[in-house]
Amino acid sequence: MSASVKGAARRADAQRNRERILQAARDLVREPGELKLNAVAKACGIGQGTLYRHFPTREDLLAEVYRREVEELVAAAPRLLETHEPLDALAAWFDRVAAYARVKRDVFAAIEAATWRDLAAHSLGPIGEAVELLLAAGRSTGSVRADAEARDVIVLISWLSRLDDAELDARGPRLLSILIDGLRPPRP
């Protein structure tokens, strides 16, 4: 086997390990208590050395989990518009926001304030753009009020990451439904 084939196989294996680590961390961060790196390594069946090569610190791993959540949330907006009417797409996107809020709360609780500021700056721009895409589609069809702005929605959904799981489960769908109703144009 040539050196380039061996190197490509190693790179592919390293990428698979990285993805397994991220998936295990995403699953474990939702569980009560502090995320332990040894639990992540055990959950994905790798050694701690492999985990540390990819993520030297717990904060590095949590930051990447959060970034991935933001990327997936943002990518969902245009996909939902392909299969749903704009207001229905926004409602479906809000369901994803509720899941994102759980991860955001757990990740932000686990990492330092300085890292939080960097992550918040990373997410607000892309998330605001995703919200604006959904709102603009709704405004263009008349299903979303003309004065609704992305920042309005972000302010209103920001409370989700502050609720514990039980309250998020109990109130989240109803409150997001109220928000959707508030985004509809006023009746004459």
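Here's a quick rundown of the structure. (Residues numbered from 1 in each chain as written. Predicted model: local features only at pLDDT ≥ 70, side-chain atom pairs only at ≥ 80, totals over all residues. Heavy atoms only, no water.)

### Some words on the packing of aromatic side chains
A complete count under the given rule lists 1 aromatic pair for this structure. Between Trp-93 and Phe-94, the aromatic rings sit 6.3 Å apart at their centres with planes inclined by 45°, giving tilted as the arrangement. The two residues Trp-93 and Phe-94 agree in class, both being buried. (Phe/Tyr/Trp six-rings, centres within 6.5 Å; stacked < 30°, edge-to-face > 60°. Buried < 20%, exposed > 50% of the residue type's maximum accessible area, 1.4 Å probe, protein only.)

### Quick look at helix H4 (residues 58-83)
An ideal rise of 1.5 Å per residue puts 38 Å on 26 residues; H4 measures up with 38 Å between its terminal C-alpha atoms. Roughly 30° is the biggest bend found in H4, and it falls at Ala-77, with proline Pro-78 one to four residues downstream. (Helix = DSSP H or I, 4+ residues; strand = E, 2+ residues; numbered from the N terminus. Expected span 1.5 Å × (residues − 1). Bend = angle between axes of the 7 residues up to and from the residue.)

### Comments concerning the nonpolar core
As a rule of thumb, nonpolar side chains are buried together in soluble globular proteins. The biggest cluster of nonpolar side chains holds 34 residues, and the ones touching the most others in it are Leu-90, Trp-93, Phe-94 and Ile-157. Looking at this core, the elements with two or more residues in it are H4, helix H5 (86-110), helix H6 (113-141), helix H7 (150-157) and helix H8 (165-183). Here the element with the most residues in this core is H5; it accounts for 10 residues. In this structure, Ile-21, Leu-61, Val-65 and Val-103 belong to the second largest nonpolar core, which totals 18 residues. (Core = buried A, V, L, I, M, F, W, Y, C linked by side-chain atoms within 4.5 Å.)

### Things to note about the pattern of salt bridges
For the structure on display, the rule yields 10 salt bridges. For Arg-139, the salt bridge identified is with Glu-132, shortest N-O distance 2.2 Å. Exposure remark for Arg-139: the relative accessible area of 26% places this residue in the partly exposed category. One salt bridge connects Asp-181 with Arg-184, and the closest N-O pair in it is separated by 3.2 Å. The partly exposed category is assigned to Asp-181, whose relative accessible area is 45%. Each of Arg-26, Glu-69 and Glu-72 takes part in a single network of salt bridges with overlapping partners. (Salt bridge = Lys/Arg side-chain N within 4 Å of Asp/Glu carboxyl O.)

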